[in-house]
Amino acid sequence: QVQLVESGGGLVQPGGSLRLSCATSGRSFSSLNMGWYRQAPEKQRELVATITIGGTTNYADSVKGRFTISRDNAKNTVYLQMNSLKPEDTAVYYCNGRHIIVTGAIYWGQGTQVTVSS
């Protein structure tokens, strides 16, 4: 069983930075494409960024140039560096893992709150 545990959320002023971490248990991390999603109050969950096992990244247009996703396979951890934060980035951020071989093997963390406010 794969478990994902996010950390690093909090309150930050507009223009500030945060780094989210997602630690993954088990021995499947090298077989997981990873991603970050977010959900603001009364809105649907949306994709923020993804990174494949090979390191290919993809970003939502709203965060391009401000957010960076990365992974450390030795630590079974994926990161989301968020710079130039805006109030509209306020949301619960969720880590996601999708197995590259086992269809339907999709994992979610419990979420971490990010609040951007002065």
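What comes next concerns the included structure. (Residues numbered from 1 in each chain as written. Predicted model: local features only at pLDDT ≥ 70, side-chain atom pairs only at ≥ 80, totals over all residues. Heavy atoms only, no water.)

Let us look at the pattern of salt bridges. For the structure shown, the criterion picks out four salt bridges. A salt bridge links arginine 38 to glutamate 46; its shortest N-O distance comes to 2.7 Å. Linking aspartate 61 and lysine 64 is a salt bridge whose minimum nitrogen-to-oxygen distance equals 3.2 Å. Looking at aspartate 61, the relative accessible area reads 65%, which means it is exposed. One connected set of salt bridges, linked through shared partners, spans Arg38, Glu46, Arg66 and Asp89. (Salt bridge = Lys/Arg side-chain N within 4 Å of Asp/Glu carboxyl O. Buried < 20%, exposed > 50% of the residue type's maximum accessible area, 1.4 Å probe, protein only.)

Before going further, it helps to examine the side chain of histidine 99. Here histidine 99 lies in strand 9 (residues 91-99). A distance of 3.1 Å separates the side chain of histidine 99 from the backbone nitrogen of valine 102, its partner in a polar contact. (Helix = DSSP H or I, 4+ residues; strand = E, 2+ residues; numbered from the N terminus. Polar contact = N/O pair within 3.5 Å; in protein donor to acceptor, adjacent residues only side chain to side chain.)

Keep in mind these numbers describe shape, not what the thing actually does.
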